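# Chains, contacts and geometry: an overview
Spelled out, the chains give:
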Amino acid sequence: GARHMANLRHGAKYHDPPARLEEGWNEGDLGCVLNSWRVGVALILGGPGTMAALNWALFALSPKEHFKVLGPTESMVVVLSLTIQMMALLQQATRRSLGATLWTSRIVFTVKLMAAFTNYCLYMWPTPFVVDSLTGRPNCMLRFSEWASVGFLMAFVVDGLDATHLRGPLIFAVCQCLSSSFGACLAFVSSPWLWGTLLAMAVTLFCTLFVRLYERHQLLRQLEHVLPPDAYPVLRVQLALRLGYQCCFFWSLLVISWGSDAYGRAFLGYNPTTDWCFIIDCVVDVTAKLLYPDIVQNDSQAFPIVVASLRGQEATKRMEFVWNDATDVIIVSRRLKNGSFSTAASPSLAVLIGREEAAPWINCCCHGHGSGDFERMLSEGTKPGLPTRDESLSMAELVLVAWWHSSFTCRLTRSDGVSHVCGVSASVSEDAAGCVMILRDETDRERLMEMERQVLAASIEQRKDEEANRFTRHEVKNGVLSAISQLDTLHSEVALGNASTNLVHMLGSMRKGLSQTLETVLSQAMARDVMHGNYLPRNSPCLVTQAFEGEMLEEVDGSRKARFPIKTMPAHAFPKIDIDRRLLSLIYRNAISNACKYGKRDGVVSTEVELAQGKLMVRVENEPGIGHAHLLEMQGEAGFVFQKGVQLHADARHMNPTEFTSSTISKGDGGWIMM
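Each chain carries its own residue numbering, running from 1 in the written order of its sequence. For a predicted model such as this one, the threshold for reporting local features is a pLDDT of at least 70, and the threshold for listing and counting side-chain atom pairs is 80 or more; totals across whole chains, interfaces and linings nevertheless cover every residue. Excluding hydrogens and water, the side-chain values take into account all heavy atoms of the structure.

### Digging into the overall build of the chain
For the chain, the helix and strand inventory stands at 21 helices and 15 strands. For the chain, restricting intrachain contacts to residue pairs at least 6 apart in sequence, the fraction spanning at least 24 positions comes to 64%. For accessible areas, the Shrake-Rupley method is used with a probe of radius 1.4 Å. Any residue's cover is judged against the shown protein chains and nothing else. Of the roughly 38800 Å² that the chain leaves accessible, carbon and sulfur atoms contribute 60%. Per the convention used, a helix needs a DSSP run of H or I reaching at least four residues, while a strand needs a run of E reaching at least two, with both numbered from the N terminus. The contact criterion used throughout is that any non-hydrogen atoms of two residues lie within 4.5 Å.

In structure tokens, the structure reads:
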């Protein structure tokens, strides 16, 4: 970002090149040197011009004794080579080249033309042949002139296939040109030391071909670590590397041929009448200048096709992966001439409508035969209405609606009535001949939204309950406290006036009733806070037995103790417990209430309070009531009794109807089952 802003401030244009061919790279975007018309014109004019200048110098400056006419065998080989080269030139002239490799094709044509011109000169006129004074080998100087010029062109083409700058291909081409030039100079040197120096320089410069091949191999390994195999730079370097190997092979044949002939003449006394070395040079030269340039041209022209093929294969693999493994359903629909539709869906459709119903759509089915609905809507300018979220559509109806609406949500219904909430996104082609749809199952999302609505409604209901609880608690508490205060005042006045004992007892009973009413209201409000999880315990030391005895509803001649006995362990000196007395009373009240409702009518409900190892355990037990036999049949499912919303008595169908109607079904306030 900083470099980009700096370039903008200095008025420079800065562009980050794309890293992949898939993002829009091509040969022109790479800036390949062979795609420049200036480079192409310079090579096409410079190569033949250089060879013409060298040939003129050889014809003008060489002594007459160096000119030689080819023998019958050599002439026949040259004629055959010239014929083959002319046919190759005619074939290439009638061949169409791709725009991306136009200049490469023209350079290759120039190379073939230069090689054919050399053979034409060898056949038509006496040409300079200089005998090496050290090896005794006759050297065809026109052939060396051709090798120096053509070697420069071919080296530049091979190295410039993946180059974006002139420096690398130019240095490599100059090295090969100088190598051939030093080889030609060997025939004019008589000093062994100078001859050896020139030979060493020629071989060293020639070996840059292998060095360049190694560097390109290392570059390919580096690119393969950072780029995918189908990346354009990787494929381009692979092409250059393959052509580099072939270049090493063909040019090494010429060097081996020259070296073998020179060694045989210098050390083995080999001096045949027919210049077989010249014939071998002609054959290798024809092969190197004819076959290899064709390989360069064909590979260069086939390269864009190979890249496009690899891209197509990769795109096909990606589409197969998306089509077969995508969780969303991909639907492709085409409109046929008869007004029907040809629609294919991805295999994930089977999850929504089942395998049997999805099979025709997955295998591509035609639907809407002869209905004419689509054409009629086009002619009338109408379209189907936008479906609502709760509207159920069949698969055929959904496809038809997607042709007109780019986005909607509906229910996709199967034949068995099961439906899924689906979100549909569609895109119609520019010529309105095809439509691509994405079908996404939003059932879980719909359920989540419904749960969120329920939670929100419960939260609102909770706030309303809290407001009502606060209002009720405030109003009732004030009224009860006022009544208790008035009763206390009346009780004190009556006590001073020595009123009757019955009046005092009645006032005491009234005060107790008001106190129970106040406690009930406060406990009910606390129960709602406990249900909603908003209650905070307020601990204080208390006697558990006194708290439980205060919750007994019956007190007639000691019947309270007979029906609701309380047993403590230890039985004597039961300590005070640091606990929220009101919360404990709420839990105990609910337990006693359920024990009375579901146990034996007017039966005994016993309470055991046990304190052991710092843990308080309270057990409330009743006598078997109505439907007890049915409960015993549920052995092994005791945990089912305490699940939310379970009402076992409502399911006790074996009960007597009179007993069932007389049974009290308590939903409770939830205060007796909690963590």
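Following the structure, the description resumes.
### Regarding the confidence of the model for the chain
Confidence scores per residue from the predictor, reported as pLDDT, run from 0 to 100. The predicted model of the chain averages 79 in pLDDT, with 80% of residues at 70 or higher. Predicted confidence in the chain is weakest over helix α1 (residues 2-9), with a mean pLDDT of 33, and strongest over helix α7 (residues 167-185), with 93. This stretch, residues 553-557, has a pLDDT under 50; its non-local contacts, to residues over four places away or in other chains, come to five contacts. Across residues 650-675, confidence stays below pLDDT 50; counting only partners more than four residues off in sequence or on other chains, it has 39 contacts.

### Quick notes on a nonpolar patch on the surface
Residues qualify for a patch when their relative accessible area is over 30% and they have no salt bridge, like charges being joined within 9 Å and the nonpolar side chains of Val, Leu, Ile, Met, Phe, Trp and Tyr within 5 Å. The term salt bridge refers to a side-chain nitrogen of Lys or Arg lying within 4 Å of a carboxyl oxygen of Asp or Glu. A cluster of nonpolar side chains, namely Val79, Phe117, Tyr120, Tyr123, Met124 and Trp125, defines an oily patch on the protein surface of about 570 Å² accessible area. The element contributing the most residues to the nonpolar patch is helix α5 (residues 102-124), with four residues. Secondary-structure assignment places tryptophan 125 in the loop between α5 and β2 (127-131). What makes tryptophan 125 partly exposed here is its relative accessible area of 42%. Each residue's exposure class comes from its accessible area (1.4 Å probe, protein chains only) as a fraction of the maximum for that residue type: buried when under 20%, exposed when over 50%, partly exposed otherwise.

### Considering helix α19 (residues 581-598)
Relative to the 26 Å expected for 18 residues at 1.5 Å per residue, α19 spans 26 Å between its end C-alpha atoms, a close match to the ideal helical length. Where α19 begins, the capping side chain belongs to aspartate 580, and its oxygen is found 3.2 Å from the backbone nitrogen of arginine 582. What a helix should span is 1.5 Å times the count of its residues minus one. We call two N or O atoms a polar contact when they sit within 3.5 Å, provided that within protein one can donate a hydrogen and the other can accept it, with sequence-adjacent residues counted only if both atoms are side-chain atoms.

### Some details on the environment of alanine 483
Relative to the assigned elements, alanine 483 resides in helix α15 (residues 443-496). Along the primary structure alanine 483 and arginine 511 are separated by 28 residues, whereas in three dimensions their C-alpha atoms are 8.4 Å apart.

### A look at the pattern of salt bridges
Once their charged atoms are close, side chains differing in charge can pair, the charge on each being opposite to the other. Counted according to the given criterion, the structure contains 17 salt bridges. Connected via shared salt-bridge partners are Arg137, Asp261, Arg265, Asp275 and Asp281.

### Thoughts on the sheet that holds strand β3 (residues 138-140)
The antiparallel open sheet is built from three strands, whose spatial order is β1-β2-β3. Among the strands making up the open sheet, the edge pair consists of β1 (67-68) and β3. Here, a strand pair is defined by DSSP locating no fewer than two bridges between the strands.

### Points about the nonpolar core
By size, the foremost hydrophobic cluster in this structure holds 37 residues, and its most contacted members are Leu34, Leu43, Phe156, Leu161, Leu209, Val234 and Trp251. Looking at this core, the elements with two or more residues in it are α3 (37-61), α5, α6 (141-160), α7, α8 (192-226) and α9 (232-267). Filtering out sequence-adjacent residues up to four positions away, leucine 43 remains in contact with Pro48, Ile107, Phe152, Leu153 and Phe156. Listed in part, the 30 residues of the second largest apolar core include Leu58, Met141, Ala184 and Trp195. Note on terminology: a nonpolar core comprises buried Ala, Val, Leu, Ile, Met, Phe, Trp, Tyr and Cys residues joined through side-chain atoms within 4.5 Å.

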